[in-house]
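What the coordinates show
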Amino acid sequence: SYSFCTLLEKPRMFRRSAAKHCNKLFTKTVCDTVGMDADLANVLENNKEWVRQTNEKNPEFFKSIAKGQHPKYLYIGCSDSRVDPGKLMGMDIGNLFVHRNVGNLCPNDLNFLSVLEYAVKHLKVPHIIVCGHYDCGAVRNSAANQVSGLLDNWIRNIRDVHRLHHDEMKKTREEQGDEAAVRRLVELNVVEQCLNIFKTSCVQQTRMETAKVAKEDREYPFVTPRIHAVVFDPADGIMKKLDVDFKDEIGKYRHIYDLN
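Residues numbered from 1 in each chain as written. Predicted model: local features only at pLDDT ≥ 70, side-chain atom pairs only at ≥ 80, totals over all residues. Heavy atoms only, no water.

Examining the layout of surface pockets
Put simply, the rule is: Put simply, the grid is 1 Å and covers the protein atoms alone, a cavity is a trapped set of points that fit a 1.4 Å probe, a pocket is an open set with protein on both sides within 12 Å along at least five of seven lines, and lining residues have an atom within 4 Å of a point. Grid points are joined across faces, edges and corners, and a volume is the space filled by probe spheres set on the points. Elements are defined by DSSP. Helices are runs of H or I of four residues or more, strands are runs of E of two residues or more, and each kind is numbered from the N terminus. Each residue gets one label: Ala, Val, Leu, Ile, Met, Phe, Trp, Tyr, Cys and Pro are nonpolar, Asp, Glu, Lys and Arg are charged, and the others, such as Gly, are polar.
In this structure, the largest pocket spans a volume of roughly 1,300 Å³. Looking at the lining of the largest pocket, the elements that each hand over two or more residues are α8 (151-164), α10 (178-199), α11 (201-212), β4 (226-232) and α12 (246-257). Looking at the lining of the largest pocket element by element, the count peaks at 10 residues for α10. Its residues assigned to classes, the lining of the largest pocket shows 22 nonpolar, eight polar and 16 charged.

Given below as C-alpha cells:
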C-alpha cells in the first residue's frame, strides 16, 4: 500500500508507478461497487428482455409512446413496493400519470400540487384516483404513535385524519379491535385526501369550466376531473371503490372551501 507521504518521498518514476497502481485499485473498487453491481445488471437485462417481448407483440409500441403522453388517469398512491399501479389496474404504459408518496397523501406541498396542476391543466386527465392500501406502514405508524424522526412531520397528516374521525375510530376499536380500526383509518385517509383535492384551486376551476359546457359538447359526459377513492388489499389483490358521497361531503363545507 502507498501513503501520500511515501509517494512524495520516492523518486518520480516510483511515484508514477504507485499512482498507476492506486488508480487501478480505485477503478476496480468503483466498478465493483457501481458498474458491475449484479442487481443493476439484472435490471438492465430484464429491461432488454421486456423491450424484446414488447416489440414482438407490438412493433409500433415505442414509436407510439415517443409521440407524447395522453393519460386518462392521474393515480395518487403509496410508495409501498407491493403496490404497482400499472399491474394493479391492468394498464399499459401511457395510460397513467403517477404520483406516489408515503401514505398516499395529498398535502399542500409543492411536489404534489405541481403534479396535480400539470395533470389537470396540461394533460387534462378526466379521472383522478387516490388509492390507499391495507397494511399500510404509514397508517400503522400513525395509529401506534411511534417516533419516526423526520417522517413524523409527514405522518402527522394521517394523525389529523384520525383526529377528524376520532369518535368513529374509537367506536371501531372498541367494537372490532385494533386491526379493524387501522383498516378503517386507511379508508378514511383516502377519503380525506380526495377532499383535499377538491379543495385545490386548479381542480375547482377546471370543474367549473367543464360544468359550463353543455353536456353534448363536452369531451366526457361528466364534469372533470372526476375523483375516485379506492383501496387495494395486498392479501387478495382486489381493488375496491369506497362508498363515499362526495357531493354530500363537499356540500357541508362548500361555504368554507369554494373559490370564486
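A few points about the environment of P107
Rules: Here the term buried applies to any residue with accessible area under 20% of the maximum for its type, exposed to any over 50%, and partly exposed to those in between, with areas from a 1.4 Å probe on protein chains only.
Counting through the fold element by element, P107 comes out in the loop between β2 (96-101) and α6 (110-122). Residue classification places P107 among the buried residues on the basis of a relative accessible area of 12%. Expressed as a C-alpha distance, the spacing of P107 and Q193, which sit 86 residues apart in the sequence, is 7.7 Å.

Describing the nonpolar core
We count it as follows: Residues grouped as a nonpolar core are buried Ala, Val, Leu, Ile, Met, Phe, Trp, Tyr and Cys residues, joined through side-chain atoms within 4.5 Å. A contact between two residues is defined here by any heavy atoms of the two lying within 4.5 Å.
Residues L74, I76, L116, I128, I197, V203 and F246 are the most contacted members of the largest nonpolar core, which totals 41 residues. Counting residues per element, this core draws most heavily on α10, at 11 residues. Beyond its immediate stretch of four places on either side in the chain, I197 contacts I76, C106, F112, L116, I128, V130, V203 and I227. Residues Y75, V83, L88 and F232 belong to the second largest nonpolar core, which totals 10 residues.

So, the packing of aromatic side chains
Which entries qualify depends on this criterion: Any Phe, Tyr or Trp ring, taking Trp's six-membered ring, that has another such ring centre within 6.5 Å forms a pair; planes under 30 degrees apart are called stacked, those over 60 apart edge-to-face, and the others tilted.
All chains considered together, the criterion is met by five aromatic pairs. Centre to centre, the rings of F97 and Y118 are 5.7 Å apart; their planes meet at 35°, and the pair counts as tilted. Taken together, the positions of F97 in strand β2 and Y118 in helix α6 put the pair 21 residues apart, joining distant regions of the chain. When its relative accessible area of 17% is taken as the criterion, F97 is described as buried. With relative accessibility at 38%, the residue Y118 sits in the partly exposed group.

A word on the side chain of R218
Filter applied, for reference: Think of it this way: Lys and Arg go in the positive column, Asp and Glu in the negative one, and His and the chain ends go nowhere. When a carboxyl oxygen of Asp or Glu is within 4 Å of a side-chain nitrogen of Lys or Arg, the pair counts as a salt bridge. A 3.5 Å cut-off defines polar contacts: any pair of N or O atoms within that distance qualifies, except that in protein one atom must be a possible hydrogen donor and the other a possible acceptor, and neighbouring residues in sequence count only when both atoms are side-chain atoms.
Relative to the helices and strands, R218 resides in the loop between α11 and β4. Despite its burial, R218 pairs with no opposite charge; the closest candidate is E216, at 7.8 Å N-O. Here T210 takes part through its backbone oxygen, which lies 3.1 Å from a polar atom of the side chain of R218. Setting aside its immediate chain neighbours within four residues, R218 contacts T210, A211, V213 and V223.

Focus: a nonpolar patch on the surface
Put simply, the test is: Patch membership is restricted to residues that have no salt bridge and whose relative accessible area is over 30%. Joining uses 9 Å for like charges and 5 Å for the nonpolar side chains Val, Leu, Ile, Met, Phe, Trp and Tyr. Only the protein chains shown count as cover for residues, and the accessible areas themselves come from Shrake-Rupley with a 1.4 Å probe.
On the surface, L40, V43 and L44 cluster together into a nonpolar patch covering about 260 Å² of accessible area. By the element assignment, L44 lies in helix α3 (residues 38-57).

Overview of the sheet that holds β4
Threshold: The rule for pairing is simple: two strands pair if DSSP sees at least two bridges between them. Convention adopted: a line fitted to C-alpha atoms gives each axis, helices being fitted over their contacting stretch, and angles between N-to-C directions are expressed from 0 to 180 degrees.
The sheet built from five strands is open, its strands ordered β2-β1-β3-β4-β5 with mixed pairing. With partners counted over all chains shown, the strands left at the sheet margins are β2 and β5 (239-241), one partner each. Going across the sheet, the axis of each strand differs from the next one's by a mean of 25°, ignoring polarity. Sheet topology note: the β4/β5 ladder contains three bridges and is antiparallel. Residue pairing in the sheet places V230 in a bridge with K241 of β5. Along the sheet, α6 contacts β1 (73-78), β2 and β3 (127-133); its crossing angle with β2, the most-contacted strand, is approximately 170°. Packed onto the sheet, α10 meets β1, β3, β4 and β5 and runs at close to 160° relative to β4.

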